[in-house]
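# What the coordinates show
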Amino acid sequence: MGTTHQYEVVIVGAGPAGMCAALYTGRSMLRTVVLERGMPGGELLNTEKLDDWIGEQSILGWELAKKFEDHARLFGAEFVTANVTTVSRLDDGTFATVTDTGDVYRSPAVIVTAGGTPIKLGIPGEQEFAGKGVSYCAICDGAFFRNQTIAVVGGGDAAVEEADFLTRYAAKVYVVHRRDSFRASKILQERLFANPKIEVVWNSVAEEVLGDEQGLMKGLVIRNVETNATSTLDATGCFIFIGFRPNTGIIDEHFDHDPMGYIVTDAMMQTSIPGLFAAGDLRSQLTRQVTTAVGDATTAAIAVEKFLKARSEGTEIDPRGSGGYAV
Ligand code: NAP
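An account of the accompanying structure is given in this report. (Residues numbered from 1 in each chain as written. Predicted model: local features only at pLDDT ≥ 70, side-chain atom pairs only at ≥ 80, totals over all residues. Heavy atoms only, no water.)

### Section: the site of the ligand
- Taken together, 16 residues surround the ligand, and among them Asp 157, Ala 158, Arg 178, Arg 179 and Arg 183 come closest.
- In the environment of the ligand, an oxygen atom lies 3.0 Å from a nitrogen or oxygen atom belonging to the backbone of Gly 155.
- Between the ligand and the protein, one listed contact pairs an oxygen atom with a backbone N or O atom of Gly 156 at 3.2 Å.
- Here the ligand has 920 Å² of accessible area as a free molecule, and 74% of this is covered by the chains.
- Class assignment of the residues belonging to the shell around the ligand gives a composition of four nonpolar, six polar and six charged. (Near = heavy atom within 4 Å. Polar contact = N/O pair within 3.5 Å; in protein donor to acceptor, adjacent residues only side chain to side chain. Areas by Shrake-Rupley, 256 points an atom, 1.4 Å probe, with all protein chains shown as cover. Nonpolar A, V, L, I, M, F, W, Y, C, P; charged D, E, K, R; others polar.)

What follows is the structure in C-alpha cells.
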C-alpha cells in the first residue's frame, strides 16, 4: 500500500528540462518534487561531451547533469527515485501522479519532462543480443568494445556523433545508413568524415543480428536497398540510434499531440489539459537540444507559478505573461 504525498508542483523526469523547471519552481518557493526512475541527468548521461552549452566551450554530459541537480536542490527541490506509471487529472482539476510502488503524488500542477525512449529496429536478434552486443547508449557501453569492430545504425545527430565517440574504444566503426546522405548537422558530419576509423555504408539497412555459441553478437547482416544484395559485417557490437519515441504513455487522458506523438503545448508550455505542462524532448518542436529543453522548462515553471496564483484567485492565467490575470 503506497503513501499519498502533497506538493504544489510535481515534475516527472529529471533530465535538463525537469531539473531546470525544478530550479525555477523551487526558486519561486513552490513545494516541488522531481520524480525520476534512474539517475538525474536524462539524455545528458548518454552524451559524452557538449560543446554547445553556452558559456562552456566543452563540458562532460555527466558533469553538467550534476551541476543541474545540485543547482535545483539548492533552491529546495526534492528528488525522489520513482517510476511513474500514470498522471491522472482528478474531478477537482488537480492531479494524481502514481508510481509503480503505489505512491501517489497529489498536486494542482504537473510538469511532464519525461523525454523519450530509443526506437528499436525490430529485426531478428536485436532483442536477443541486447546487452550482449546490441546497445542504445554509447557512453554506457562503448568501453566494452575496446579494439573491436562495431556497427552504428542511423544517420541523425545521435548516430553520427556517437559513431565518432565510439572510435575512442573501437578499432573500426561502420555507420550503416538507409539513404545516401545524413540528416545530422554539418559540424558532426565533418567530424565523422575526418575520422579514419569510420566507414560509412550508404543505402543499407540492418536485417539481422547474428550471435555465436556463447550468446554474444558476432555479426550484422545488412542489405543494400538499391541492389538488394545482403552481406555480413563482422561486428561484435551494434549501436542503434534511429530516433526516440516520446514518453507520453503515462498521461492518462487525451492530450493534443502531433502526428509523431509529441505533445503540443501553447506558448506557456501548457498542454491541452489545464494545469499539465510539458517541456523538453517530448514536446512538439523544431529541435531537441539541452538549450531548448531548459528554455521550455523555464517558461513552464514560470507559467506554473502564474497558473497557481490565478487558480487561488479564481481567475485564469494571462497568456500575455506579465501584467494582470484575465477573469
Ligand atoms: P533523428 O534525428 O530522428 O534521426 C534518426 C535517424 O535514424 C535518421 O537518419 C533516420 O533515417 C534513421 N532511421 C529512422 N528509422 C530507421 C529505421 N527503421 N531503420 C534505419 N534507419 C532509421 O534521431 P536522433 O539522431 O536520435 O536525434 C533526435 C533529436 O535529438 C534530434 O532533434 C537531434 O537533433 C537531437 N540530438 C542532437 C545532438 C547534438 O546536437 N549533439 C545529439 C543527439 C541528438 P532518415 O534520415 O532516412 O530518416
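More follows now that the structure is in view.
### Some points on the pattern of salt bridges
- Across all of its chains, the model carries 11 salt bridges by this definition.
- A salt bridge links Arg 283 to Asp 296; the nearest nitrogen and oxygen atoms lie 2.9 Å apart. Note that Arg 283 is positioned in the loop between β21 (276-278) and α6 (290-313) and Asp 296 in helix α6, a separation of 13 residues in sequence.
- Its salt-bridge partner being Glu 313, residue Lys 309 comes within 3.1 Å of it at the nearest N-O pair. With Lys 309 and Glu 313 both in helix α6 and four residues apart, this pair spans about one turn of that helix.
- A residue is classified by how much of its surface remains accessible, and Lys 309, at 40% relative accessible area, is partly exposed. (Salt bridge = Lys/Arg side-chain N within 4 Å of Asp/Glu carboxyl O. Helix = DSSP H or I, 4+ residues; strand = E, 2+ residues; numbered from the N terminus. Buried < 20%, exposed > 50% of the residue type's maximum accessible area, 1.4 Å probe, protein only.)

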